[in-house]
Amino acid sequence: MTWIDHTALTEAGGLEAGLVAHPAYTVGGVHFRYGQSRSQGEPWVLRDVTLEVAQGEILGIVGPNGSGKTSLLKLLAKLAVPQEGEIALFGRPLRGLSHEVVAQTVAVVPQDSPQMFPFTVAETVLMGRFPHRRRSGWSLGFGWEDGDDCQAASQAMVTMDIAHLAGRAVTDLSGGERQRTMIARALTQAPRVLLLDEPTAFLDLQHQLGICATLRRLCDERGLTVVIVSHDLNLASQYCDRVAMLRAGQVRTVGAPAEVMSVEVLREVYGCEVLIDAHPQSGLPRITLPRQGMPFRG
Ligand SMILES: Nc1ncnc2c1ncn2[C@@H]1O[C@H](COP(=O)(O)OP(=O)(O)OP(=O)(O)O)[C@@H](O)[C@H]1O
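What comes next concerns the included structure. Quantities reported herein were computed from a predicted structural model and do not represent experimental measurements. (Residues numbered from 1 in each chain as written. Predicted model: local features only at pLDDT ≥ 70, side-chain atom pairs only at ≥ 80, totals over all residues.)

Taken together, Y34, G35, V45, G63, N65, G66, S67, G68, K69, T70 and S71 make up the full set of residues near the ligand. A per-class count over the shell around the ligand returns two nonpolar, eight polar and one charged. (Near = placed C-beta within 6 Å. Nonpolar A, V, L, I, M, F, W, Y, C, P; charged D, E, K, R; others polar.)

Sheet topology places strand β9 (residues 242–247) next to strand β10 (residues 250–255); five bridges connect them, and they run antiparallel. Bridge assignment links A244 to a residue of β10, and that residue is V254. Counted between consecutive antiparallel strands, the loop separating β9 from β10 contains two residues, among which A248 sits at a positive phi close to 50°. (Pairing = 2+ DSSP bridges. Helix = DSSP H or I, 4+ residues; strand = E, 2+ residues; numbered from the N terminus.)

This part takes up helix α7 (residues 205–222). Over its 18 residues, α7 extends 25 Å from the first C-alpha to the last, a length consistent with the 26 Å expected when each residue adds 1.5 Å. Burial in α7 covers these residues: I211, C212, L215 and L218. The buried residues of α7 all sit within an arc of 130° when viewed along its axis, so they share a single face. Those residues of α7 that are exposed and angled more than 90 degrees off the buried face are L205, Q206, A213, D220 and E221. Residues of α7 that are buried sit in contact with β3 (58–62), α6 (175–188), β8 (225–229) and α8 (233–239). Taken from the residues just after α7, G223 is the one with a positive phi, measuring 75°. (Expected span 1.5 Å × (residues − 1). Buried ≥ 20, exposed ≤ 12 C-beta atoms within 10 Å, placed from the backbone. Arc of directions from axis to C-beta. Contact = placed C-beta atoms within 7 Å.)

Attention now goes to the sheet that holds strand β4 (residues 84–89). What links the strands of a sheet is backbone hydrogen bonding, and the strands pair in either a parallel or an antiparallel sense. Sheet architecture is open: four strands sit in the order β2-β1-β4-β5, paired in antiparallel fashion. Edge positions in the sheet fall to β2 (46–53) and β5 (92–93), since each has one partner strand and no second. Where helix α2 (residues 69–76) meets the sheet, its contacts fall on β1 (25–32), β2 and β4, and the angle it forms with β1 comes to roughly 120°. (Axes fitted to C-alpha atoms, helices over the stretch in contact; angles between N-to-C directions.)

Right, dumping it as structure tokens:
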């Protein structure tokens with residue numbers, strides 16, 4: 001069992017043909033709004049979004065509250081469908097792919113994952129294998145899993161530092177433990193693409209670092225493609241290959257962190273002054289908020 005499960009894609013029928021030649025995602029001229037709001041003349045939540053996500057890169061999506069980050073992630077996961085424009089996954093139009101094929105390729109870690117049922121951590125992580133289950137002989141009693149599935153789940157629990165919680169009910173976890181459980185479940189899914197919404201929001205410093213380092217390693221060594229929605233501009237700057245900055249549903253700018261993270265762009269997009277200097281180790285932009293009332297030296 002490996003993190004990137006090529007067999008599953010082949011069995012899923014068709015995505016393998018585009019795997020080498022195409023970007024992980026091609027988003028072209030996408031307009032999106034929710035539900036019935038179109039008939040009420042509501043504005044678009046996303047407008048004319050055009051973007052590529054290269055295979056094996058970490059793309060950060062940043063922007064102010066309500067700028068459309070989570071909505072864009074939902075479109076990439078096919079949890080919502082744009083009214084205009086096209087999204088292609090490894091060169092195949094997303095709207096033509098079944099949810100099952102998408103789930104065999106793309107794993108999603110949502111912003112909050114409320115847990116209704118007291119499954120154990122181990123069971124929850126194992127559920128990541130569900131899209132890859134064999135059609136014959138599975139049952140609702142988790143009768144479908146085999147040794148490889150269990151090994152993948154165990155490996156992911158060790159990676160996310162939750163092996164000691166394997167027997168605990170997910171309803172009884174702290175916010176950070178639950179977040180790490182959801183990331184472990186996504187890794188167990190052996191995706192080619194991992195979509196994460198605020199993955200470090202509940203995590204302490206050590207686990208923030210651990211997850212960023214793990215994602216970087218999976219991208220570099222296994223060709224995993226990662227899209228991270230985050231409010232943490234420093235995380236985006238230090239760990240993402242490229243950053244897409246949204247403003248009011250549009251892509252204001254996209255590029256390497258050093259191109260995107262400027263005082264001028266952040267002032268325009270966020271409406272506030274920031275201090276930017278070079279991170280002492282990486283040399284990449286480091287963003288700091290000035291103290292209110294102190295003289296500002298941008
Ligand atoms: N289910 C929904 N139905 C209707 N409108 C929605 C829904 N979800 C989000 N919106 C609206 O879409 C817009 C974009 O929301 P979205 O959650 O994508 O922004 P965001 O950039 O992720 O915000 P935040 O940083 O606050 O999480 C907002 O105006 C929001 O109110």
